[in-house]
Amino acid sequence: MTKFDFSKRDSFGSKIGVIAAAAGSAIGLGNIWRFPYITGENGGAAFLMVYLGLIIFIGIPLMLSEFVIGRRAQRNPYGAFQILKKGQPWYLVGLMGIAGAFLILAFYSTIAGWTLEYLYRSITNGFSGKSPAELSTMFSDFQAGGLWPVMWQVIFMFLTAWIIYRGVRNGIEKYAKILMPLLLLIIIAICIRSVTLEGAGDGLRFLFKPDFSKITSSAILEALGQAFFSLSIGMGTLITYGSYISKKDNLSNTAISVTAADTLISILAGIAIFPAVFAFNINPAEGPALVFITLPGIFEQMAGGYVWSLLFFLLLIIAALTSTISMLEVVVAFLSEELNLSRKQSTIIAALLITILGVFCTLSQGPLDSPFLFGTNLFGVMEYASINLLLPIGGFFIVIFVGWFLGKKNVRDEISNHGTLKAQVFGLFMILVRILAPIAIAMVFLYQLGILG
Ligand code: PHE
């Protein structure tokens, strides 16, 4: 077996390519499917404020930490910790990240598959003349069918694998550079439509006028989980992408730009969805079904609904695809660098194994829906365990590693590109990753498990 040739390691070709790829990873179903309903369930604007605070004080430092680890080591998450702290158990954090990518992609591809079905239904005018109750039955019948959702999931995984097989520069970067601008255009168009609906004002007030009585400890937990999930942090995705970033790029600026882009898209998704929800008198706390049941109902009543629904589901597909490739890349980078498999072999093996687990997730939402653990089905267990357990634990160890173990000089070198950049906020960054972020993550995590409070 030939060893992986690290001198020929693939990388991103341009600054804008890095931002497109990392923002592509961050911007996904988390922004357009999850953010609006989580915000809806947790009181709107007040939740948004907490979310923004967490993004700034924990999200950006953690993202930057991942870039620092990845670029310094030039390896997949497992190999990165091995290189930076040889012989110490830090590599377990890397392995946990790779496992996280595997698990998240398995259930994420279930929902990604649904988006393909809904695009197909938009094209064939499948929502036409359906009442809200019928749309709801339509969604549950679709899931109960089993075979269709599985087929769409397999197609989505195939698309993901195909891009990953093409490589970092000719696959991930190339497609991100095409798809991300398209995504922005579509979401802006939908926002304009939404805010010009009669009665849109209530939706905007819901999103932007805070009512702090809504801030409970569980809302804060939800906000942290959402921040990690949405920014793709805590599991090594951005260690992997960081390892492909050129030594000349400015890591802090990249982390800030990617976070800003991700947050902007979440807010735009809120602006696209809530005015429509309020204009048509629907409860904003509809839960996960918001985009698959409520929105088709709204498009049905809207002038030009055919086109809007088509655009909306296309938007979801693009968002999901640039995220699924980032998860698959984590596993593929690990397999090819550590087990000396070719990129082709790694891609096939990783995609196949993830799809098999993913199919069970999909079926657990339909024909095989039965309690798997704590009364929750397989899909629910995997979503909960990866978002609320693996990501915070991973994030905690990543900031601790960069804050206390990587060495201040190494961190400064990486952030300042060996002194060529100014790194003005380095002191603040160190305080955040050493003290504030770990304490905040630990507290939120312990509350969540019921150990504190
Ligand atoms: N950030 C992606 C989203 O918002 C999901 C994701 C999580 C991607 C973790 C990669 C890693 O949809």
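All figures in this text were calculated on a predicted structure; none of them were measured in a lab.

## So, the overall build of the chain
Scanning the chain from N- to C-terminus turns up 18 helices and zero strands. Compactness check: the chain gives a C-alpha radius of gyration of 21 Å against a globular reference of 22 Å for 453 residues, within 12% of the reference. The dimensions of the chain, computed from C-alpha atoms along their principal axes, are 60 × 50 × 45 Å. Looking at the 453 residues of the chain, the share that counts as buried comes to 58%. Looking at the chain as shown, the accessible area adds up to about 17,800 Å², and 67% of this sits on carbon and sulfur atoms. Taking the average place of the 29 positive charges on the side chains of the chain and the average place of its 23 negative ones, the gap between the two points comes to 14 Å.

## Focus: the site of the ligand
Near the ligand, the surroundings consist of 15 residues, among which Ala26, Gly30, Tyr108, Phe229 and Ser232 are the closest. Within the backbone of Ser25, a nitrogen or oxygen atom sits 3.2 Å from a nitrogen atom of the ligand. A distance of 2.9 Å separates a nitrogen atom of the ligand from a polar backbone atom of Ala26. Its free accessible area being 320 Å², the ligand has 100% of it covered by the protein chains. Placement of the ligand is best described as lying within the largest cavity. Listing elements by their share of the shell around the ligand, those giving two or more residues are helix 1 (15–26), helix 2 (29–41), helix 10 (217–231) and helix 14 (305–338).

## What about the confidence of the model for the chain?
For the chain, the average pLDDT comes to 91, and 99% of its residues sit at 70 or higher. For the chain, helix 13 (residues 294–301) is the element with the lowest average pLDDT, namely 82, and helix 11 (residues 237–242) is the one with the highest, namely 98.

## Some details on a nonpolar patch on the surface
Taken together, Ile56, Phe57, Trp404, Phe405, Ile431, Ile435, Leu436, Ile439, Met443 and Tyr447 make up a surface patch of nonpolar side chains, about 970 Å² in accessible area. Residue assignment for the nonpolar patch shows that the elements contributing at least two residues are helix 3 (45–73), helix 16 (378–405) and helix 18 (426–448). Sort the elements by how many residues they give to the nonpolar patch and helix 18 lands first, with six residues. Inspection of the secondary structure assignment puts Phe57 in helix 3.

## Some words on unusual backbone geometry
The phi angle at Asn417 is positive, at roughly 50°, despite the residue not being glycine. Even without a glycine there, the phi angle at His418 is positive, about 55°. Judged by relative accessible area, which is 55%, His418 ranks as exposed.

## Observations concerning the packing of helix 8 (residues 168–195) against helix 14
Contact pair helix 8 / helix 14: the axes reach a minimum separation of 9 Å and the direction vectors enclose 150°. In terms of axis orientation, helix 8 runs roughly antiparallel to helix 14. For the pair helix 8 and helix 14, the sense of crossing is left-handed. In this structure, helix 8 contributes Val168, Ile172, Ala176, Leu179, Met180, Leu182, Leu183, Ile186, Ile187, Ala189, Ile190 and Arg193 to the contact, and helix 14 contributes Trp308, Leu311, Phe312, Leu314, Leu315, Ile318, Ala319, Leu321, Thr322, Ile325 and Glu329.

## Some thoughts on helix 9 (residues 200–208)
Taken together, the buried positions of helix 9 are Ala200, Gly203, Phe206 and Leu207. Along helix 9, the residues classed as buried sweep out an arc of 120° about the axis, all on the same side.

## Notes on the pattern of salt bridges
Going through the model one piece at a time under the given rule, you end up with ten salt bridges. Across the pair Asp5 and Lys8 runs a salt bridge, and its minimum N-O distance is 3.1 Å. Arg343 is the salt-bridge partner of Glu329, the closest N and O atoms lying 2.5 Å from each other. With Glu329 in helix 14 and Arg343 in helix 15 (residues 343–364), this pair connects stretches of sequence that are 14 residues apart.

## Here we look at the layout of surface pockets
Put simply, the largest pocket is a space of about 350 Å³. Elements with a contribution of two residues or more to the lining of the largest pocket: helix 3, helix 12 (251–279) and helix 18. Sort the elements by how many residues they give to the lining of the largest pocket and helix 3 lands first, with five residues. A per-class count over the lining of the largest pocket returns 14 nonpolar, four polar and one charged.

## Brief notes about the nonpolar core
Core analysis: the biggest nonpolar cluster contains 153 residues, and Phe12, Ile69, Phe292, Phe312, Phe313 and Leu328 have the highest contact counts within it. If one sorts the elements of this core by residue count, helix 14 sits on top with 19 residues. Beyond its immediate chain neighbours, meaning those up to four positions away, Phe313 contacts Thr115, Tyr118, Leu119, Ser122, Phe127, Val291, Phe292, Pro296 and Phe299.

## Some points on empty space enclosed by the protein
Taken as a whole and judged by the stated rule, the model has four cavities of 30 Å³ or more. Considering only enclosed or pocket space, the largest cavity measures out at about 130 Å³ in volume. What lines the largest cavity is a set of 17 residues, among which Ser25, Ile104, Phe229, Ser232 and Met327 lie closest to the centre. Breaking the lining of the largest cavity down by element, the ones donating at least two residues are helix 1, helix 2, helix 5 (91–123), helix 10 and helix 14. No other element matches helix 14, which puts three residues into the lining of the largest cavity. When its residues are assigned to classes, the lining of the largest cavity shows nine nonpolar, eight polar and no charged. Reported here for the second largest cavity is a volume of approximately 80 Å³. Together, Ile190, Arg193, Ser194, Ala272, Ile273, Ala276, Leu295, Ile298, Phe299, Met302, Trp308 and Phe312 line the second largest cavity.

Quick notes on the rules
- Residues numbered from 1 in each chain as written.
- Predicted model: local features only at pLDDT ≥ 70, side-chain atom pairs only at ≥ 80, totals over all residues.
- Heavy atoms only, no water.
- Helix = DSSP H or I, 4+ residues; strand = E, 2+ residues; numbered from the N terminus.
- Rg over C-alpha atoms; globule rule 2.2 N^0.38 Å.
- Buried < 20%, exposed > 50% of the residue type's maximum accessible area, 1.4 Å probe, protein only.
- Areas by Shrake-Rupley, 256 points an atom, 1.4 Å probe, with all protein chains shown as cover.
- Lys, Arg positive; Asp, Glu negative; His and termini not counted.
- Charge placed at Lys NZ, Arg CZ, Asp CG, Glu CD.
- Near = heavy atom within 4 Å.
- Polar contact = N/O pair within 3.5 Å; in protein donor to acceptor, adjacent residues only side chain to side chain.
- 1 Å grid on protein atoms, 1.4 Å probe; cavity = no way out; pocket = protein on both sides within 12 Å on 5 of 7 lines; lining within 4 Å.
- Sits in = over half its atoms within 2 Å of the grid points.
- pLDDT = per-residue confidence, 0-100.
- Patch = residues over 30% accessible without salt bridge, like charges linked within 9 Å, V, L, I, M, F, W, Y side chains within 5 Å.
- Salt bridge = Lys/Arg side-chain N within 4 Å of Asp/Glu carboxyl O.
- Axes fitted to C-alpha atoms, helices over the stretch in contact; angles between N-to-C directions.
- Parallel < 35°, antiparallel > 145°, perpendicular 65-115°, else oblique.
- Left-handed = near helix turned anticlockwise from the far one by under 90°.
- Contact = heavy atoms within 4.5 Å.
- Arc of directions from axis to C-beta.
- Points joined across faces, edges and corners; volume = space filled by probe spheres on them.
- Nonpolar A, V, L, I, M, F, W, Y, C, P; charged D, E, K, R; others polar.
- Core = buried A, V, L, I, M, F, W, Y, C linked by side-chain atoms within 4.5 Å.

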